[in-house]
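The chain contents come next:
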Amino acid sequence: MTPLMATHTITLIPGDGIGPEVTNAVLRILAATGVSIEWERHDAGVTAFERTGHALPPPLIESIRRNKVALKGPVTTPIAEGFTSVNVGLRKALDLYANLRPVWNLPGVPSKFTGIDLVIVRENTEDLYAGLEHEVVPGVVESLKIITERASTRIAEFAFTHARRHGRKSVTAIHKANIMKLGDGLFLECVRTVARAFPDVRYDEKIVDAACMHLVMDPAKFDVLVMPNLYGDIVSDLCAGLVGGLGVVGAANLGTEIGVFEAVHGSAPDIAGKGLANPMALLLSSVMMLRHIDEGQAAERVMRALGRVLDQGLARTRDLGGTSSTLGFADAVCQAMPE
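Residues numbered from 1 in each chain as written. Predicted model: local features only at pLDDT ≥ 70, side-chain atom pairs only at ≥ 80, totals over all residues. Heavy atoms only, no water.

Student: Quick rundown of the overall build of the chain? Include the residues and the values.
Tutor: Tallying secondary structure elements over the chain gives 11 helices and 12 strands in all. In summary, the chain has a C-alpha radius of gyration of 20 Å against a globular reference of 20 Å for 339 residues, a match within 12%. Its C-alpha atoms give the chain principal-axis dimensions of roughly 55 × 50 × 45 Å. The 339 residues of the chain split such that 52% are buried. (Helix = DSSP H or I, 4+ residues; strand = E, 2+ residues; numbered from the N terminus. Rg over C-alpha atoms; globule rule 2.2 N^0.38 Å. Buried < 20%, exposed > 50% of the residue type's maximum accessible area, 1.4 Å probe, protein only.)

Student: Requested: an account of the side chain of His-162, with residues and values cited.
Tutor: By the element assignment, His-162 lies in helix α5 (residues 149–165). Look past the residues within four positions of His-162 in its chain and what remains in contact with it is Leu-100 and Val-119. (Contact = heavy atoms within 4.5 Å.)

Student: So what about the environment of Ile-64? Which residues, and what values?
Tutor: Of note, Ile-64 is situated in helix α3 (residues 58–67). Sequence separation of Ile-64 and Ile-10 is 54 residues, and the distance between their C-alpha atoms is 7.7 Å.

Student: So what's going on with the pairing of strand β11 (residues 250–254)? Residues and values would help.
Tutor: Burial analysis of β11 places 5 of its 5 residues in the buried class, which makes it a mostly covered element. On β11, burial covers both faces: Gly-250, Ala-252 and Leu-254 on one face and Ala-251 and Asn-253 on the other are all buried. As judged from the 3 bridges shared by strand β4 (residues 98–104) and β11, these two strands associate in the antiparallel manner. Of the residues in β11, the one forming a bridge with Asn-99 is Asn-253. Sheet topology note: the β11/strand β12 (residues 259–263) ladder contains 5 bridges and is antiparallel. (Pairing = 2+ DSSP bridges.)

Student: Tell me what's going on with α5, and back it up with residues and numbers.
Tutor: The end-to-end C-alpha distance of α5, which contains 17 residues, comes to 24 Å, matching closely the 24 Å that a straight helix rising 1.5 Å per residue would cover. Trailing α5 by a residue or two, Gly-167 shows a phi angle of about 70 degrees, which is positive. (Expected span 1.5 Å × (residues − 1).)

Student: Report on helix α10 (residues 296–311), specifying residues and quantitative values.
Tutor: Taking 1.5 Å of rise per residue, the 16 residues of α10 would be expected to cover 22 Å, and the 22 Å separating its terminal C-alpha atoms lies within 8% of that figure. The set of residues buried in α10 consists of Ala-298, Ala-299, Arg-301, Val-302, Met-303, Ala-305, Leu-306, Gly-307, Val-309 and Leu-310. Looking at the buried residues of α10, the elements they touch are α1 (19–33), β4, α9 (280–292) and α11 (326–336). Two residues or fewer past α10, Gly-313 is found with a positive phi of approximately 65 degrees.

Student: An account of the pairing of strand β9 (residues 202–207) is needed here, citing residue identities and associated values.
Tutor: With 6 bridges joining them, strand β8 (residues 170–175) and β9 adopt parallel strand pairing. Across the sheet, residue Ala-173 finds its bridge partner in β9, namely Glu-205.

Student: Tell me what's going on with unusual backbone geometry, and back it up with residues and numbers.
Tutor: Of note, the phi angle at Asp-127 is positive, near 65 degrees, even though the residue is not glycine. Mapped onto the elements of the fold, Asp-127 is located in the loop between β5 (117–123) and β6 (133–137). The buried category is assigned to Asp-127, whose relative accessible area is 0%. The backbone phi angle of Asp-294 is positive, close to 65 degrees, even though this residue is not glycine. Assignment of secondary structure puts Asp-294 in the loop between α9 and α10.

Student: Mind laying out a nonpolar patch on the surface, listing which residues take part and the relevant values?
Tutor: On the surface, Val-136, Val-137 and Val-140 cluster together into a nonpolar patch covering about 230 Å² of accessible area. With respect to the helices, strands and loops of the structure, Val-136 is situated in strand β6. In this structure Val-136 comes out as partly exposed when scored by relative accessible area, which is 47%. (Patch = residues over 30% accessible without salt bridge, like charges linked within 9 Å, V, L, I, M, F, W, Y side chains within 5 Å. Areas by Shrake-Rupley, 256 points an atom, 1.4 Å probe, with all protein chains shown as cover. Salt bridge = Lys/Arg side-chain N within 4 Å of Asp/Glu carboxyl O.)

Student: Go over the pattern of salt bridges with me, naming the residues and quoting the values.
Tutor: If you walk through the whole model with that rule in mind, you get 19 salt bridges. Linking Lys-68 and Glu-257 is a salt bridge whose minimum nitrogen-to-oxygen distance equals 3.3 Å. One end of the pair, Lys-68, is in the loop between α3 and β3 (69–72); the other, Glu-257, is in the loop between β11 and β12, and 189 residues separate them in sequence. Between Lys-145 and Asp-184 there is a salt bridge, and its shortest N-O distance comes to 3.0 Å. Of this pair, Lys-145 sits in the loop between β7 (140–143) and α5 while Asp-184 sits in helix α6 (residues 183–195), and the two are 39 residues apart along the sequence.

Written out as structure tokens, the structure reads:
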């Protein structure tokens with residue numbers, strides 16, 4: 001008698017703008033893997049705010065806490081007004097302290113570099129993203145940068161553990177301790193302490209501006225990079241640009257027990273509803289999710305199918321120089337999936 005396949009219950013946040021389109025495309029591909037998933041759908045961002053008055057409704061948070069895993073499409077964040085960032089709110093509410101973004105070249109995706117294989121590990125809960133701002137006097141605003149020993153130590157431990165587990169050779173701490181001697185100095189002190197417990201992983205440090213310069217000159221010098229929140233936001237997008245942009249990079253926000261896997265690009269409301277969006281970023285995030293829930297074989301099937309589609313030019317969305325629709329691209333990946 002064939003044993004029943006375990007069903008995974010996962011929270012789904014389609015997002016807004018192009019979010020529902022790329023989400024539907026990815027769900028089509030995940031269904032083709034045969035992995036049994038029951039989705040709990042919840043809105044966030046503009047869609048949720050218009051419906052409930054909350055950009056991050058409590059039932060959504062409760063669903064993720066219960067299921068421990070979520071897949072999230074892009075969500076609009078108003079600039080300089082409106083509700084606060086849904087992404088930051090999720091990370092704070094669920095203590096998703098580590099943002100993990102692997103960056104590597106994909107076949108058939110134009111890039112100025114080849115052979116890129118980087119991992120950016122970003123502290124996700126504090127720094128300037130703590131959102132502690134106030135107006136001192138009219139015309140003067142103060143934003144507080146929060147760096148703690150606890151958060152700096154655990155992100156360092158995450159980075160070195162990831163490096164060891166995946167056979168990575170080095171970890172580089174990115175900082176600005178030459179100027180912020182106390183805040184970034186504390187971050188560096190914590191990373192150095194953790195590094196001593198991992199003698200098998202080479203450790204070095206780079207000032208953030210110099211690191212950015214070296215990344216655009218010779219990214220092969222780097223392996224795993226660990227850094228505070230703001231630098232991580234900037235450097236991870238820079239690294240995505242090395243391999244084709246935010247549309248071809250996946251990401252995970254991880255805590256002790258919970259993982260939220262998301263597309264890191266924007267919601268692109270200008271092309272929403274037109275079937276033009278590339279679902280690849282959310283697809284790569286879903287591959288990370290499959291590995292997280294111990295569905296590694298399914299993850300590899302998706303990656304082989306995606307590699308075949310890209311390498312043979314079977315389908316390309318407009319941003320990659322092709323004419324395929326969002327769902328057309330998904331259908332090509334499904335058809336290329338090995339049995």
